[in-house]
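Examination of the molecular architecture
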Amino acid sequence: MDIFCIRGGTPLHGRIALHGAKNAALPLLAATLATGARCELHDCPDISDVTAACAILRHLGCAVEQHGGIVAVDAGSACRSDIPAELMRKMRAAVLFLGPLLARFGTAELSLPGGCVLGARPIDLHLRGLRRMGAEITLDGEHISARTDGLHGCTVALPLPSVGATENLILAALGCRGTLTLCNAAREPEIADLQCYLRKLGADISGAGTSTVTVGGFRPRPFVEHTIMPDRIVAATILCAAAACGGEVELQDVDPAHFSTVLDSLSEAGCAIITAASAVRLTSDGQLTAPRPVVTQPYPGFPTDAQPPLMAACLRAKGTTVFTENIFTNRYRHAEEFRRLGAAVSIEGRVAYVTGVERLTGAPLTASDLRGGAALVIAGLLAQGTAYIGRREYIDRGYEDIVRDLRALGARIKG
Ligand code: UD1
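Anyway, here's the lowdown on the structure attached to this text. (Residues numbered from 1 in each chain as written. Predicted model: local features only at pLDDT ≥ 70, side-chain atom pairs only at ≥ 80, totals over all residues. Heavy atoms only, no water.)

It is worth spelling out the environment of Met 229 at this point. Tracing the sequence through the fold places Met 229 in the loop between β13 (223–227) and α8 (232–245). Met 229 gets classed as buried once you look at its relative accessible area, which sits at 8%. When neighbours within four sequence positions are excluded, Met 229 is seen to be in contact with His 19, Gly 20, Ala 21, Ala 24, Pro 189, Glu 190, Asp 193 and His 258. (Helix = DSSP H or I, 4+ residues; strand = E, 2+ residues; numbered from the N terminus. Buried < 20%, exposed > 50% of the residue type's maximum accessible area, 1.4 Å probe, protein only. Contact = heavy atoms within 4.5 Å.)

Next up, the structure:
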């Protein structure tokens, strides 16, 4: 079915193991290209963004096999350095192939990436950093043409801690002479996972997870295996759903520290939360109270990707929850859809005010981006009657099977 059909009103109960993180898997897949190695990634989510990354690797000449959560890539046969527009358009993270292409071949021909529309999403920081490392890059309309006679070590200070720029520059540095020192780097856990993988591949890299990352030297190894870290945004989504619907849900094989800010908000809203080293249990009576203002920030602040699911969880919470979105300029499109269910949400620039209502009523809704789409699913679970969510392809970009997971917890959802 192209749409999800949800009959709300049931509490959620049960245990769930999470798949590997999309935002870790995509840079890891791009990293495989930088080497001639054979790589095996475990717990790789079966989502359309991973399929798109694999299609790019195949186009470039790599042998790629996907089966049962394992993606095996043999990058030894990579033989071309162009990526056609139709592959670039599939996702924003396609731009992460620019650094590896320069590292491996010294040349890259591609176009501006597509992906969820969350406001302007420039790549100027990626290009500026690569130029500083010795790449000549021209941008002609949508087309990016890059070449280098050899990347060199240097210090790059990012004006803001862009996740993608941090990853692209780290990956380009695998092919550079000397040491790259990256200042004001993004500190997301997915970047620490990338470092862990690159070390296995033979890279001399340190500092990931802090603001200063250094990459100096790379002695490729022929075969590497890596298990991708669990998806903290999927974890946050499931917990927001359970908080709003009521019930008791346990997530296994997660690192609660990776989404502690989300847990803090849910706890303020009235949920009982117990964490262990690699598990979290949330209990909720479904009667939430508005948590303190939620302000999205680069990690370790509140993640912008968890803003839509938490907003959905607050639609019936007593009082007014205030959200400030600091990362993207247009990330409240889910709020317009919430209003169709009877929600009281108003937007003033970067700030959204959500005043809890007694009752939401099912209606046809349309997803317009990945996490906003997941938030509509949560809102549908809260509504009385039937809600329909169209354009599920956005949700499939980052959730392996949200219907399977929610049904396993007792939700009445089909799709
Ligand atoms: C990554 C995540 C995405 C998450 C986001 C912020 C992946 C595959 N995607 O996206 O899920 O929402 O981090 O946590 O990991 N910016 C510039 N110039 C640049 C690059 C970024 O101005 O060259 C701006 C962006 O427009 C945005 C902000 O920096 O306003 C953050 O973007 P960035 O951290 O780069 O996000 P992505 O890597 O695209």
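Looking now at the pairing of strand β7 (residues 136–140). Sheet analysis places β7 next to strand β8 (residues 143–147), joined by 5 bridges and oriented antiparallel. Across the sheet, the residue bridging to Glu 136 is Arg 147, located in β8. Connecting β7 to the antiparallel partner β8 that follows it, the hairpin turn spans 2 residues, and Gly 141 within it adopts a positive phi of roughly 65 degrees. (Pairing = 2+ DSSP bridges.)

Right, let's talk about the sheet that holds strand β22 (residues 386–390) for a bit. One open sheet holds the 4 strands; their spatial order is β21-β22-β1-β23, and the pairing between them is mixed. Two strands lie at the open edges of the sheet, namely β21 (364–366) and β23 (412–414), each paired on one side alone. Across the sheet, the mean angle separating the axes of adjacent strands is 20 degrees when strand polarity is ignored. Inspection of the sheet shows strand β1 (residues 4–7) paired to β23 by 3 bridges, in the antiparallel sense. Each residue of the ladder has a partner; that of Arg 7, found in β23, is Arg 412. (Axes fitted to C-alpha atoms, helices over the stretch in contact; angles between N-to-C directions.)

Here we take up helix α2 (residues 48–59). With 12 residues, α2 extends 16 Å between its outermost C-alpha atoms, agreeing within 8% with the 16 Å of an ideal straight helix rising 1.5 Å per residue. The inward-facing, buried residues of α2 contact α1 (22–33), β4 (63–67), β5 (70–74) and α3 (85–88). Note on α2: the residue one or two positions beyond its end, Gly 61, has a positive phi of about 110 degrees. (Expected span 1.5 Å × (residues − 1).)

Assignment of secondary structure puts His 19 in the loop between β2 (12–17) and α1. We classify His 19 as buried; its relative accessible area is 12%. Side-chain polar atoms of His 19 contact the backbone nitrogen of Glu 400, separated by 3.2 Å. Setting aside chain neighbours within four positions, we find His 19 in contact with Asp 43, Pro 45, Met 229, Pro 230, Asp 231, Val 234, Gly 398, Tyr 399 and Glu 400. (Polar contact = N/O pair within 3.5 Å; in protein donor to acceptor, adjacent residues only side chain to side chain.)

Our focus in this paragraph is the site of the ligand. Contacts to the ligand come from 18 residues, most closely from Asp 124, Ser 162, Val 163, Asp 305 and Ile 327. Asp 124 is positioned with one of its side-chain polar atoms (N or O) 2.7 Å from a nitrogen atom of the ligand. Interatomic distance of 2.8 Å between a backbone N/O atom of Leu 125 and an oxygen atom of the ligand. For the ligand, the accessible surface in isolation is 740 Å², of which the surrounding protein chains cover 85%. (Near = heavy atom within 4 Å. Areas by Shrake-Rupley, 256 points an atom, 1.4 Å probe, with all protein chains shown as cover.)

The general pattern is negative phi for most residues beyond glycine and trans for most peptide bonds. Note the cis peptide between Tyr 299 and Pro 300, where omega equals 15 degrees. Among the structural elements, Pro 300 can be located in the loop between β17 (294–295) and α10 (307–313). Although it is not a glycine, Asn 184 adopts a positive phi angle of roughly 55 degrees. Along the chain, the position of Asn 184 falls in the loop between β10 (176–183) and α7 (189–201).

This brings us to the pattern of salt bridges. Summed over all chains, the structure comprises 16 salt bridges. Measuring nitrogen to oxygen at the nearest pair gives 2.8 Å for the salt bridge that ties Arg 80 to Asp 82. On the basis of relative accessibility, which here comes to 24%, the residue Asp 82 falls in the partly exposed class. For Glu 400, the salt bridge identified is with Arg 404, shortest N-O distance 3.4 Å. Judged by its relative accessible area of 27%, Glu 400 falls in the partly exposed class. A relative accessible area of 40% places Arg 404 in the partly exposed class. Taken together, the shared-partner salt bridges connect Arg 15, Glu 250 and Arg 281 into one network. (Salt bridge = Lys/Arg side-chain N within 4 Å of Asp/Glu carboxyl O.)

Any functional reading would require information beyond the geometric quantities listed.
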